[in-house]
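Examination of the molecular architecture
So you can see what is in the structure, the chains are spelled out below.
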Amino acid sequence: MFQDLNDLAVIKHCTVIGNFLDLWYFQCKELAEAMLGSRPFDLVIRNVQIVNVFSASIVSGSIGIVNGHIAGFFGPEEALDSRRSIDGGNAYALPGFVD
């Protein structure tokens, strides 16, 4: 069936990539559903000063999180459905800064 061990390694590699793509698809789907309001965010951090390190701008708002990933940034007036909510106490948030 396999010509050598390299063939087996390729099949294992493709299986890992396939599993990763499946996981990636479902994570993206859940992020999009939360952004569209068809499912709640897992966590919303409200009342924060969101720092954009690329433009050096700071805006008040909320951060929506799904499966541990930032799904989006929202204005302070936007009502967001979430399983859990945290008041940021007007603290500064630097999303993606550590990444």
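Shown above is the structure to which this text applies.
What comes next is a walk through the structure.

Here is what the cut-offs are and how they apply
- Residues numbered from 1 in each chain as written.
- Predicted model: local features only at pLDDT ≥ 70, side-chain atom pairs only at ≥ 80, totals over all residues.
- Heavy atoms only, no water.
- Pairing = 2+ DSSP bridges.
- Helix = DSSP H or I, 4+ residues; strand = E, 2+ residues; numbered from the N terminus.
- Core = buried A, V, L, I, M, F, W, Y, C linked by side-chain atoms within 4.5 Å.
- Buried < 20%, exposed > 50% of the residue type's maximum accessible area, 1.4 Å probe, protein only.
- Contact = heavy atoms within 4.5 Å.
- Patch = residues over 30% accessible without salt bridge, like charges linked within 9 Å, V, L, I, M, F, W, Y side chains within 5 Å.
- Areas by Shrake-Rupley, 256 points an atom, 1.4 Å probe, with all protein chains shown as cover.
- Salt bridge = Lys/Arg side-chain N within 4 Å of Asp/Glu carboxyl O.

Some words on the pairing of strand E3 (residues 69-74)
Across five bridges, the pairing between strand E2 (residues 57-66) and E3 is antiparallel. Within E3, the position partnered with glycine 64 by the bridge is glycine 72. In this antiparallel pair of consecutive strands, E2 and E3, the connection spans two residues, and asparagine 67 shows a positive phi of 50°.

Structural notes on the nonpolar core
Ala34, Phe41, Val44, Val66, Ala71, Phe74 and Leu80 together form the largest nonpolar core, which totals seven residues. When sequence neighbours within four positions are dropped, the list of residues in contact with valine 44 reads Ser62, Ile63, Gly64, Leu80, Ser82, Arg84, Ser85 and Ile86. Core analysis: the next-biggest nonpolar cluster, separate from the first, contains six residues, Val48, Ile50, Ile63 and Ile65 among them.

Regarding a nonpolar patch on the surface
A contiguous nonpolar surface patch, about 720 Å² in accessible area, is contributed by Val53, Phe54, Ile58, Tyr92, Leu94 and Phe97. With respect to the helices, strands and loops of the structure, valine 53 is situated in the loop between strand E1 (43-52) and E2.

Digging into the pattern of salt bridges
Considering all chains together, one arrives at four salt bridges under this definition. A salt bridge links arginine 39 to aspartate 42; the shortest N-O distance between them is 3.2 Å. You can call arginine 39 buried: its relative accessible area is 13%. A relative accessible area of 22% places aspartate 42 in the partly exposed class. Where arginine 83 meets aspartate 42, a salt bridge forms, and the shortest distance between an N and an O atom there is 2.5 Å. Here arginine 83 is found in the loop between E3 and strand E4 (85-87), whereas its partner aspartate 42 is found in the loop between helix H1 (5-36) and E1, with 41 residues between them in sequence. We classify arginine 83 as exposed; its relative accessible area is 56%.

Overview of the pairing of E1
Here E1 runs beside E2; their pairing, made up of eight bridges, is antiparallel. Within E2, the residue paired with isoleucine 45 across the bridge is isoleucine 63. Here E1 folds back onto E2 in antiparallel fashion, the turn holding four residues, of which alanine 56 has a positive phi close to 60°. The pairing of E1 with E4 spans three bridges and is classified as parallel. Residue pairing in the sheet places valine 44 in a bridge with serine 85 of E4. Summarising the sheet, E1 and strand E5 (residues 92-93) pair through two bridges and their orientation is parallel. Along E5, the bridge assignment pairs glutamine 49 with tyrosine 92.

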